[in-house]
Amino acid sequence: MRRIQRLPLSDTAAQYLEDRQTHANAQREQGTLDIEARWKDARQTDKISAPHHSIFSTLRQMAGPAQRCMYCSDSLGSDIEHFWPKTPYPEQAFHWPNLLLCCARCGRLKGDRFPLDANGHPLLINPSREDPWCHLDLDPEVGTLLPKAIGDGASAAALKGQETVRLFQLTAEAVQDGHRRTFRHLQRCVADFLAAPDTLDHFWQNLQDQDVRGLLPWCWGDIGRTLAPFSELHQNHPEVWAEVSNRLNSAL
Ligand SMILES: [Zn+2]
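The rules behind each value
- Residues numbered from 1 in each chain as written.
- Predicted model: local features only at pLDDT ≥ 70, side-chain atom pairs only at ≥ 80, totals over all residues.
- Heavy atoms only, no water.
- Donors = N, O, S within 2.8 Å, 3.2 Å for Na, K, Ca; no water.
- Tetrahedral: all angles 85-135°; square planar, octahedral: opposite > 155°, others 65-115°.
- Buried < 20%, exposed > 50% of the residue type's maximum accessible area, 1.4 Å probe, protein only.
- Axes fitted to C-alpha atoms, helices over the stretch in contact; angles between N-to-C directions.
- Helix = DSSP H or I, 4+ residues; strand = E, 2+ residues; numbered from the N terminus.
- Parallel < 35°, antiparallel > 145°, perpendicular 65-115°, else oblique.
- Left-handed = near helix turned anticlockwise from the far one by under 90°.
- Contact = heavy atoms within 4.5 Å.
- Nonpolar A, V, L, I, M, F, W, Y, C, P; charged D, E, K, R; others polar.
- Pairing = 2+ DSSP bridges.
- Phe/Tyr/Trp six-rings, centres within 6.5 Å; stacked < 30°, edge-to-face > 60°.
- Lys NZ or Arg CZ within 6 Å of the ring centre and 35° of its normal.
- Core = buried A, V, L, I, M, F, W, Y, C linked by side-chain atoms within 4.5 Å.
- Domains from an automatic or database assignment.
- Salt bridge = Lys/Arg side-chain N within 4 Å of Asp/Glu carboxyl O.

On to the coordination of the zinc ion, then. Within the protein, the zinc ion binds to Cys69 (SG), Cys72 (SG), Cys103 (SG) and Cys106 (SG); these donor distances fall in the range 2.3 Å. What the 4 donor atoms of the zinc ion show is an angle range of 106 to 113° at the metal, which sorts the shape as tetrahedral. The sequence motif formed by the donor residues of the zinc ion is C-x2-C-x30-C-x2-C. Each member of the pair, cysteine 69 together with cysteine 72, is buried.

See the structure below:
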């Protein structure tokens, strides 16, 4: 799962969402709100769907060069997704920070499902608000995404990882294969750099191009850095390692 940096909307698109939300809130107070219909109606307008400067195009830009689903990072992101589902939470239906991009499979798996903890906080990872790798771990050999094991496994971070993996079925074989492939591509990228060191900008660009599934922060983390060839880069090129770390952190 990639960490997503939320981009600002164009002024007209932002205003459009705000107006739609105000209208939905008023209808809700009158008891006449059909949020599915209101969203469907809005979804067809160019403020949401146009190929440029629209809400959809901004979400695609946020998803990275491969425009993958923001939950599974596996399939193409094809739908606008409401993190807080719009039917139970219509007050967030047109709220920009609530909109993500997802694939048809993840959209179907999630539907109106939205597990909350005892304090009413979401138990799913929102990749535009938090670093998914605070909640997830990777088995690079198999490509499995796992809930991060912290303490007794009952911590909020572990629970969130657990619910996210469960709901989006991130242990599915296709998802695993993809993650394993991306991990190997990143290994190759680092091995190529070690064999023939390139400029840092080129190296960074290659890493970005290969990291379709957002695994780089994990590779640069506590476990990743102990595995070859990342461990070799960490030991033999500490300045390159540190610069990539800086760039990863500044992308948050
Ligand atoms: Zn997906």
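We now examine the packing of helix α1 (residues 11-30) against helix α2 (residues 35-43). Between α1 and α2, whose axes approach to 11 Å, the crossing angle comes to 160°. In terms of orientation, α1 lies roughly antiparallel with respect to α2. With respect to the hand of their crossing, α1 and α2 are arranged in right-handed fashion. Between α1 and α2, the residues in contact are Tyr16, Arg20, His23, Ala24 and Gln27 and Ile35, Arg38, Asp41 and Ala42, respectively. Split into classes, the residues belonging to the contact of α1 with α2 amount to 4 nonpolar, 2 polar and 3 charged.

Let us now look at the pairing of strand β3 (residues 136-139). Taken together, the 4 bridges between β3 and strand β4 (residues 144-147) define a ladder with antiparallel strand orientation. Bridging from a neighbouring strand, leucine 136 pairs with proline 147 of β4. Adjacent in sequence and paired antiparallel, β3 and β4 are bridged by 4 residues, among which glycine 143 carries a positive phi angle near 90°.

This structure, assessed with the given rule, holds 11 aromatic pairs. Consider the rings of phenylalanine 183 and phenylalanine 230, whose centres lie 5.7 Å apart with planes at 45°: the pair is tilted. Here phenylalanine 183, found in helix α7 (residues 173-195), pairs with phenylalanine 230, found in helix α10 (residues 230-236); they are 47 residues apart in sequence, far enough to count as distant. A residue is classified by how much of its surface remains accessible, and phenylalanine 230, at 0% relative accessible area, is buried. By way of ring pairs, the aromatic residues Phe183, Trp218, Trp220, Phe230 and Trp241 are connected into one cluster. Its guanidinium or amino end placed over the ring of tryptophan 96, arginine 6 lies 4.7 Å from that ring's centre, counting from NZ or CZ. For arginine 43, the ring lying beneath its charged end belongs to phenylalanine 56, and the centroid distance is 5.0 Å.

Let's shift gears to the nonpolar core. Soluble globular proteins: nonpolar side chains tend toward being buried together. Residues Ile55, Leu59, Tyr71, Phe203, Leu207, Trp220 and Leu233 are the most contacted members of the largest nonpolar core, which totals 65 residues. Two domains each donate at least three residues to this core, and these are domain 1 (1-168) and domain 2 (174-251). Beyond its immediate sequence surroundings of up to four residues, phenylalanine 203 is in contact with Cys189, Val190, Phe193, Trp220, Leu233, Val240 and Val244.

Here we take up the packing of helix α8 (residues 200-210) against helix α11 (residues 238-250). Angle between the axes and distance between the axes are the two parameters that describe a pair of packed helices. Two elements in contact, α8 and α11, have axes whose closest approach is 11 Å; the angle formed by their N-to-C orientations is 55°. Put simply, α8 runs oblique to α11. Of the two possible hands of crossing, α8 and α11 adopt the one that is right-handed. Two secondary-structure elements touch here, α8 through Leu200, Asp201, Phe203, Trp204 and Leu207 and α11 through Val240, Glu243, Val244, Arg247 and Leu248. Along the lines of polarity and charge, the residues of the contact of α8 with α11 split into 7 nonpolar, no polar and 3 charged.

In this section: the environment of proline 229. Mapped onto the elements of the fold, proline 229 is located in the loop between α9 (216-219) and α10. Residues proline 229 and serine 49 lie 180 residues apart in sequence; the distance between their C-alpha atoms is 43 Å. Not counting residues up to four positions away in its chain, the partners in contact with proline 229 are Gln187, Val190, Ala191 and Leu194.

This model, assessed by the stated rule, comprises 12 salt bridges. The partner of aspartate 41 in a salt bridge is arginine 38, and the shortest N-O contact between them spans 3.5 Å. Of this pair, aspartate 41 and arginine 38 both sit in helix α2, 3 residues apart, which is roughly one turn of that helix. Close ionic contact of aspartate 177 with arginine 180 constitutes a salt bridge, the shortest N to O distance being 3.1 Å. Of the two residues, aspartate 177 and arginine 180 both sit in helix α7, 3 residues apart, roughly one turn of that helix. Judged by relative accessible area, aspartate 177 falls into the partly exposed class, the value being 26%. The network of salt bridges with shared partners includes Arg20, Arg38 and Asp41.

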